[in-house]
Amino acid sequence: MARQQQKRKRPEGLDLFSWSPSPEGDANPKPATQVHLHVPLAFGRILVRFKGPDTLGRFIDALIAHYEHVFGKRVAPWGRP
C-alpha cells in the first residue's frame, strides 16, 4: 500500500497530505507525486487527489479569489504581522 507522507495541516478538520507511491517502510522512498485533501463528513469522507501542479494551482487560485471576494485582500501570512 502506498504511503501518505508529510501530513501538513488540519484546518477546520480537513486532512492535507503529500502522497508518495512508495510502500510504507520503504528504505528508499520515492518523492511525493500528489496532494490529497480528505474532507470528513457525517456519512464518510470525500477524497480529492491533485495529481498535477496545474490542477492544484487552479484550485488554489480559485480559493484565493473567493477568499478575497468574501474577506478582502489577504495579508500574508493570513492576516498575521
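Numbering of residues starts from 1 in every chain and runs along the sequence as written. Per-residue local features are limited, in this predicted model, to residues with pLDDT of at least 70; the limit for side-chain atom pairs, both in listing and counting, is 80 or more; totals at the level of whole chains, interfaces and linings are taken over all residues. Where side-chain values are given, they derive from all heavy atoms of the structure, hydrogens and water being excluded.

> Even after reading the chapter, I still don't get the pairing of strand 4 (residues 44–50), so can you show me in this structure?
Looking down a regular strand, the side chains alternate between one sheet face and the other. Here strand 3 (residues 34–41) runs beside strand 4; their pairing, made up of seven bridges, is antiparallel. Counted as the bridge partner of P40 is R45 from strand 4. Where strand 3 folds back on strand 4, the antiparallel hairpin that results is connected by two residues. Should DSSP find at least two bridges between two strands, the strands are regarded as paired. Strands are runs of DSSP state E lasting at least two residues, helices are runs of H or I lasting at least four, and both sets are numbered from the N terminus onward.

> Explain the pattern of salt bridges here, please?
Close approach of charged atoms allows side chains with opposite charge to pair. The salt bridge criterion pairs a side-chain nitrogen of Lys or Arg with a carboxyl oxygen of Asp or Glu, the two atoms within 4 Å. Evaluation of the coordinates by the stated rule reveals one salt bridge. Between E68 and K73 there is a salt bridge, and its shortest N-O distance comes to 3.6 Å. Accessible area is worked out with a 1.4 Å probe on protein chains only. A residue is then buried under 20% of its type maximum, exposed over 50%, and partly exposed in between. Judged by its relative accessible area of 25%, E68 falls in the partly exposed class. The class for K73 is exposed, based on a relative accessible area of 68%.

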